[in-house]
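This is what each chain is made of:
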Amino acid sequence: MTPTQIETFFATLQAANPQPQSELEFTSVFELLAAVLLSAQATDVGVNKATRRLFPVANTPQRILDLGVERLEGYIKTIGLYRSKARHLVQTCRILVERHGGEVPRTREELEQLPGVGRKTANVVLNVAFGEPTMAVDTHIFRVGNRTGLAPGRTPYEVEMKLLQRVPARYMEHAHHWLILLGRYVCVARKPRCWECRVAPCCDYSPKTPAP
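Cut-offs applied
Residues numbered from 1 in each chain as written. Predicted model: local features only at pLDDT ≥ 70, side-chain atom pairs only at ≥ 80, totals over all residues. Heavy atoms only, no water. Helix = DSSP H or I, 4+ residues; strand = E, 2+ residues; numbered from the N terminus. Rg over C-alpha atoms; globule rule 2.2 N^0.38 Å. Contact = heavy atoms within 4.5 Å. Buried < 20%, exposed > 50% of the residue type's maximum accessible area, 1.4 Å probe, protein only. Axes fitted to C-alpha atoms, helices over the stretch in contact; angles between N-to-C directions. Parallel < 35°, antiparallel > 145°, perpendicular 65-115°, else oblique. Left-handed = near helix turned anticlockwise from the far one by under 90°. 1 Å grid on protein atoms, 1.4 Å probe; cavity = no way out; pocket = protein on both sides within 12 Å on 5 of 7 lines; lining within 4 Å. Points joined across faces, edges and corners; volume = space filled by probe spheres on them. Nonpolar A, V, L, I, M, F, W, Y, C, P; charged D, E, K, R; others polar.

K.L.:
Got a minute to help me understand the overall build of the protein chain in this structure?
P.N.:
Assigned secondary structure in the protein chain consists of 10 helices and 0 strands. Taken from N to C terminus, the helices and strands of the protein chain fall in the order α-α-α-α-α-α-α-α-α-α. Taking 17 Å as the expected radius of gyration for a compact globule of 212 residues, we find that the protein chain reaches 18 Å, a close match to that expectation. Look at the contacts in the protein chain between residues 6 or more apart in sequence, and 58% of them connect residues 24 or more apart.

K.L.:
For this particular structure, what's the right way to read unusual backbone geometry?
P.N.:
Peptide bonds are trans in most cases, and residues, glycine excluded, mostly fall at negative phi. Looking along the chain, the bond that leaves serine 206 and enters proline 207 is cis, with omega of -5°. Mapping proline 207 onto the fold places it in the segment after α10 (172-185). Backbone geometry at glutamine 41 places phi at a positive 55°, although glycine is not the residue there. Glutamine 41 sits in the exposed class, given a relative accessible area of 74%. If you check the backbone angles, leucine 81 has positive phi at about 60° while not being a glycine. By the secondary structure assignment, leucine 81 is in the loop between α4 (61-76) and α5 (82-100). Leucine 81 sits in the partly exposed class, given a relative accessible area of 48%.

K.L.:
Mind showing me how you'd approach the packing of helix α7 (residues 119-128) against α10 here?
P.N.:
A pair of packed helices is captured by two measures, namely the crossing angle of their axes and the spacing between those axes. At their nearest, the axes of α7 and α10 sit 10 Å apart, and the two run at 125° to each other. Between α7 and α10, the interaxial angle falls into the category oblique. Seen along the crossing, α7 lies across α10 with a hand that is left-handed. Contacts from Val124, Asn127 and Val128 in α7 reach Met172, Glu173, His176 and His177 in α10.

K.L.:
Would you mind going over the layout of surface pockets with me for this structure?
P.N.:
Which parts of space are left empty comes out when a probe the size of a water molecule is rolled across the atoms. Its boundaries defined by the atoms lining it, the largest pocket holds a volume of some 490 Å³. In this structure, the largest pocket is lined by 25 residues; those nearest its centre are Ser39, Asp44, Asp138, Ile180 and Arg184. Counting only elements with at least two residues in the lining of the largest pocket, the list comes to α3 (44-54), α7, α8 (139-148) and α10. Of all the elements, α10 adds the most residues to the lining of the largest pocket, at 6 residues. Across the lining of the largest pocket, the residue classes break down as 10 nonpolar, 10 polar and 5 charged. In this structure, the second largest pocket occupies an estimated 240 Å³ of space. The set of elements that each furnish at least two residues to the lining of the second largest pocket consists of α1 (3-16) and α10. Tallying contributions element by element places α10 first for the lining of the second largest pocket, with 4 residues. Taken together, the residues that form the lining of the second largest pocket break down as 9 nonpolar, 1 polar and 2 charged.

Shown next, in the form of structure tokens:
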């Protein structure tokens with residue numbers, strides 16, 4: 001994609017959805033961190049179903065610690081890998097309480113030191129909670145970056161670095177959400193819905209999928 005196509009691509013996405021929101025449900029920075037940690041290899045719908053039961057009971061690091069791993073598992077057992085996620089979340093809460101006064105840190109380095117929190121999770125928290133211009137490359141963004149020609153790369157990190165270079169600064173705050181939503185609902189894995197895609201004219205993918 002050329003710089004002109006990239007500008008049109010994001011201007012179009014912005015016009016269609018000026019204030020995109022995460023589909024994870026949360027009311028605090030800690031709830032966001034917990035939800036993103038639980039969302040690995042799981043759907044946002046599935047995570048929301050579990051956290052609607054969990055957060056009214058325990059929605060702070062200390063309350064999760066008080067709950068303990070075994071009881072926490074009972075709330076999140078509908079989510080894949082729930083045993084390891086429960087362990088990681090409790091370990092993370094202990095670090096938040098002991099080292100950060102129960103607050104979620106605002107730097108990538110400190111976030112990535114939390115159990116179960118990798119680069120992608122840290123990027124989501126930095127972007128959504130703190131407004132940092134980061135790019136959390138999940139399977140959707142990886143696919144969109146490669147398929148459209150926006151940011152081709154062999155690894156999520158390569159795609160992330162390309163996006164940081166190529167996305168105009170004025171779109172960076174919301175670019176991560178626009179690309180996730182595009183990949184989740186339109187530029188889907190098996191057969192992209194090109195016939196209803198607003199940004200298809202900017203995209204390198206060929207041949208475009210015809211309407212059914």
